[in-house]
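Breakdown of the fold
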Amino acid sequence: MSYIDGFVLAVPTDKKQAFIDHARSMDPVFLELGATRVVECWGEDVPHGTTTDFYRAVSAKDNETVVFSWVEWPDKATRDSGMAKMMDDPRMDPANNPMPFDGQRMIFGGFTPIVELP
């Protein structure tokens, strides 16, 4: 069964193209290391909640847009191997490829799908 890494982050709205460029340079590394799909989604209809919401989860500021991304892997073993290799890959080093967002406010996690529809 597949395995999913999910990410939510706040990107300065005026850096949308910089984020796209960054993703286009970094996302192929996931595929090279075994991922089957990478999806980057720019927030468009993200409501503000009364108790919690995506904005609060990443401490988004008024001039930032919430981004939701995921990486699909064929299984957790491939993901674990790929992520271990990624940590040593110089292309992933922020000094070589700076992130156009505050990575400290990114939330992420690994998930095992429990229901899948075509």
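Owing to the predicted nature of the structure, the values given are computational and were not obtained by experimental measurement.

**Re the sheet that holds strand 4 (residues 107-111)**
What the 4 strands build is an open sheet, ordered 2-3-1-4; its pairing is antiparallel. The sheet terminates laterally at strand 2 (37-42) and strand 4, the two strands that pair on one side only. When strand polarity is set aside, the average angle formed by the axes of neighbouring strands in this sheet is 15°. Sheet analysis places strand 1 (residues 3-12) next to strand 3 (residues 64-73), joined by 10 bridges and oriented antiparallel. Its bridge partner lying in strand 3, Ile-4 is registered against Glu-72. Lying on the sheet, helix 1 (residues 16-32) is in contact with strand 1, strand 2 and strand 3; it crosses strand 2 at an angle near 165°.

**Looking at the layout of surface pockets**
Considering only enclosed or pocket space, the largest pocket measures out at about 580 Å³ in volume. Around the largest pocket, the lining is made up of 27 residues, and of these Phe-7, Phe-30, Met-92, Met-99 and Met-106 lie nearest the centre. Among the secondary structure elements, those contributing two or more residues to the lining of the largest pocket are strand 1, helix 1, strand 2, strand 3 and helix 3 (76-87). For the lining of the largest pocket, the element with the highest residue contribution is helix 1, accounting for 6 residues. Of the residues belonging to the lining of the largest pocket, the class tally is 19 nonpolar, 3 polar and 5 charged.

**A look at the pattern of salt bridges**
Under the definition given, this model contains 9 salt bridges. One salt bridge in this structure joins Arg-91 and Glu-32, with 2.9 Å as the shortest N-O distance. In this pair, Arg-91 is assigned in the loop between helix 3 and strand 4 and Glu-32 in helix 1, connecting sequence segments 59 residues apart. Assessed through its relative accessible area of 37%, Arg-91 is described here as partly exposed. Between Glu-64 and Arg-105 there is a salt bridge, with its nearest N and O atoms 2.7 Å apart.

**Here we look at the environment of Met-106**
By secondary structure assignment, the location of Met-106 is in the loop between helix 3 and strand 4. Looking at Met-106, the relative accessible area reads 23%, which means it is partly exposed. Sequence-wise, Met-106 and Gly-43 are 63 residues apart; in three dimensions their C-alpha atoms are separated by 14 Å. Those residues in contact with Met-106 that lie beyond four places of it in its chain are Phe-7, Val-8, Leu-9 and Phe-101.

Reading guide: rules and limits
- Residues numbered from 1 in each chain as written.
- Predicted model: local features only at pLDDT ≥ 70, side-chain atom pairs only at ≥ 80, totals over all residues.
- Heavy atoms only, no water.
- Pairing = 2+ DSSP bridges.
- Helix = DSSP H or I, 4+ residues; strand = E, 2+ residues; numbered from the N terminus.
- Axes fitted to C-alpha atoms, helices over the stretch in contact; angles between N-to-C directions.
- Contact = heavy atoms within 4.5 Å.
- 1 Å grid on protein atoms, 1.4 Å probe; cavity = no way out; pocket = protein on both sides within 12 Å on 5 of 7 lines; lining within 4 Å.
- Points joined across faces, edges and corners; volume = space filled by probe spheres on them.
- Nonpolar A, V, L, I, M, F, W, Y, C, P; charged D, E, K, R; others polar.
- Salt bridge = Lys/Arg side-chain N within 4 Å of Asp/Glu carboxyl O.
- Buried < 20%, exposed > 50% of the residue type's maximum accessible area, 1.4 Å probe, protein only.

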